[in-house]
Amino acid sequence: MAATEGVVTLDADRPAGFDRAVVFAADGAYLRHAAFAAAQLAALSPGRTFDICLCGPEMPPAVAGLAPLGLRRCRVGTAGMFDGLGLDPRRSAASYLRYALPDAFAGAYRRLLYLDADVFIQGGDFGALLEVDLGPHPLGAVRDNMQWRTPRRRTPSFARLGLPWASVFNSGMLLIDVAAWREREVLGRMLAFGAAHDPARIGLDQDLVNAVVRGAFAELSPVWNWQYTWASRLFEALDDAHVVHFIGPRKPWSHDGGELPLRFRRAYRAFFAEHFPEAPVGPDGVRPLANRGFVRRMLVKHLLSQGKLADYLDRFPDDMTVLV
């Protein structure tokens, strides 16, 4: 019996409608941002054949204005199994909840697509993505941004742990084959690894799951998890990214220093004004082109990285290419 058998629990406000789901897991203020992304996904997929779930360690509250979207609200209990693992000031224990989702939904879904709450969804056929062939792997994901231009770079957590180089993925988007994930006992292995090593050496949840998986994942096109950095943001539009992921501390709803396009902030402001008026998004702030020093540095960075990034993108002829 797996170490997690019977420990992970699920309460939902409605039964599953399909055997596949796109799932967001968050708590606190990030539930609002997850609702924003879920609403974007619902608008892009009017005839969808998958559920959209909002999950948290507590039951996410109902939002009357979002009721027509048919979102499934779920509480995922983990009995404190993630206590003691690595955190930082921007992450709560709910950041580990994604790894319990296959156990929580094992009786309902055969495929799960997990997405972080700080994403902006603007395109893509998510129904088709949920069916791509992952080969022998229990999950598919997008390579972490640190290896886009320098694929042989060893992640700092691997260096601290004395692990050899491996390709690593960004855990803000995970396409999971539920049966294969559970058969490989990925969650149980993560908990065992976390118990056997100092959290300071492991790092955060992404470091832990990569230390366990060690490169054995199906690599997906970056258009499904475009990690929005100062070296990659201009290429996002050129490559028609489907999911923009605001990694790092600068988020469109809070940053007003002129480093993010205003279209993102304005979309959040309109959504929050309608559905979460108690948490308004402020005015635009500095226009990006007015932050001249940042724009100059960003343009130089893009110019220097263009060749290596193009080499990386050339590995994916279309958005459904999977490297196994």
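The preceding data block contains the structure.
Here's what I pulled together on the structure shown here. The structure displayed is predicted, hence computed values, not measured ones.

1. What about the side chain of Thr155?
Mapped onto the elements, Thr155 comes out in the loop between strand E7 (139-141) and helix H4 (156-161). Every residue in contact with Thr155, bar those within four places of it in the chain, is listed here: Met146, Val168 and Asp207.

2. As for the sheet that holds strand E3 (residues 51-56)
Taken in spatial order, the 9 strands line up as E1-E4-E3-E2-E5-E8-E7-E9-E12 in an open sheet, and their pairing is mixed. In the strand order of this sheet, the two ends are held by strand E1 (9-12) and strand E12 (322-323), each with one partner. Sheet topology places strand E2 (residues 20-25) next to strand E5 (residues 111-115); 5 bridges connect them, and they run parallel. Opposite Ala21, over in E5, you have Leu112 as the bridge partner.

3. Some points on the side chain of Glu259
By the element assignment, Glu259 lies in the loop between strand E11 (243-245) and helix H10 (262-275). A distance of 3.0 Å separates polar atoms of two side chains, one belonging to Glu259 and the other to Arg250. Apart from residues no more than four positions distant in its own chain, Glu259 is found in contact with Arg233, Arg250, Asn291 and Phe294.

4. Quick look at the nonpolar core
Of all hydrophobic cores here, the largest spans 55 residues; its most connected members are Phe24, Leu113, Ile121 and Phe126. If we skip the residues at most four places from it in the chain, Leu113 touches Ala21, Val22, Val23, Phe126, Leu129, Leu130, Met173, Leu174 and Leu175.

5. Details of the environment of Ala42
With respect to the helices, strands and loops of the structure, Ala42 is situated in helix H1 (residues 30-44). Relative accessible area serves as the criterion here: at 8%, Ala42 is assigned to the buried category. Not counting chain neighbours up to four residues away, the residues in contact with Ala42 comprise Arg48, Ile52 and Leu69.

6. Brief notes about the packing of helix H6 (residues 186-196) against helix H8 (residues 205-213)
Running from amino to carboxyl end, H6 crosses H8 at an angle of 110 degrees, the nearest separation of the two axes being 9 Å. One finds that H6 runs roughly perpendicular with respect to H8. Between H6 and H8, the residues in contact are Val186, Arg189, Met190, Phe193 and Gly194 and Leu208, Val209, Ala211 and Val212, respectively.

7. Notes on a positive patch on the surface
Taken together, the side chains of Arg287, Arg292, Arg296 and Arg297 make up a positively charged region of the molecular surface. If you trace the backbone, Arg296 turns up in helix H11 (residues 292-313).

8. Quick notes on H8
Where burial is concerned, most of H8 is hidden: 8 out of the 9 residues are buried. Turning to H8, its buried residues are Asp205, Asp207, Leu208, Val209, Asn210, Ala211, Val212 and Val213. Looking one or two residues beyond H8, the residue adopting positive phi is Arg214, at roughly 50 degrees.

9. Describing the pattern of salt bridges
If you walk through the whole model with that rule in mind, you get 17 salt bridges. In this structure, Asp13 engages Arg73 in a salt bridge whose closest nitrogen and oxygen atoms are separated by 3.4 Å. Of this pair, Asp13 sits in the loop between E1 and E2 while Arg73 sits in strand E4 (residues 72-77); the two residues are 60 residues apart in sequence, bridging distant segments of the chain. Classification of Asp13 as partly exposed rests on a relative accessible area of 32%. When its relative accessible area of 19% is taken as the criterion, Arg73 is described as buried. Of the charged contacts, one joins Glu219 and Arg143 as a salt bridge, the two residues approaching to 3.1 Å between their closest N and O atoms. On the criterion of sequence distance, the pair formed by Glu219 in strand E9 (residues 218-220) and Arg143 in the loop between E7 and H4 is long-range, its members being 76 residues apart. Exposure remark for Arg143: the relative accessible area of 7% places this residue in the buried category. Three or more residues are tied together by salt bridges with common partners; here these are Asp19, Arg20, Arg110 and Glu131.

About the criteria used
Residues numbered from 1 in each chain as written. Predicted model: local features only at pLDDT ≥ 70, side-chain atom pairs only at ≥ 80, totals over all residues. Heavy atoms only, no water. Helix = DSSP H or I, 4+ residues; strand = E, 2+ residues; numbered from the N terminus. Contact = heavy atoms within 4.5 Å. Pairing = 2+ DSSP bridges. Polar contact = N/O pair within 3.5 Å; in protein donor to acceptor, adjacent residues only side chain to side chain. Core = buried A, V, L, I, M, F, W, Y, C linked by side-chain atoms within 4.5 Å. Buried < 20%, exposed > 50% of the residue type's maximum accessible area, 1.4 Å probe, protein only. Axes fitted to C-alpha atoms, helices over the stretch in contact; angles between N-to-C directions. Parallel < 35°, antiparallel > 145°, perpendicular 65-115°, else oblique. Patch = residues over 30% accessible without salt bridge, like charges linked within 9 Å, V, L, I, M, F, W, Y side chains within 5 Å. Areas by Shrake-Rupley, 256 points an atom, 1.4 Å probe, with all protein chains shown as cover. Salt bridge = Lys/Arg side-chain N within 4 Å of Asp/Glu carboxyl O. Lys, Arg positive; Asp, Glu negative; His and termini not counted. Charge placed at Lys NZ, Arg CZ, Asp CG, Glu CD.

Note that every value here comes from positions in space, so none of it alone points to a role or purpose.
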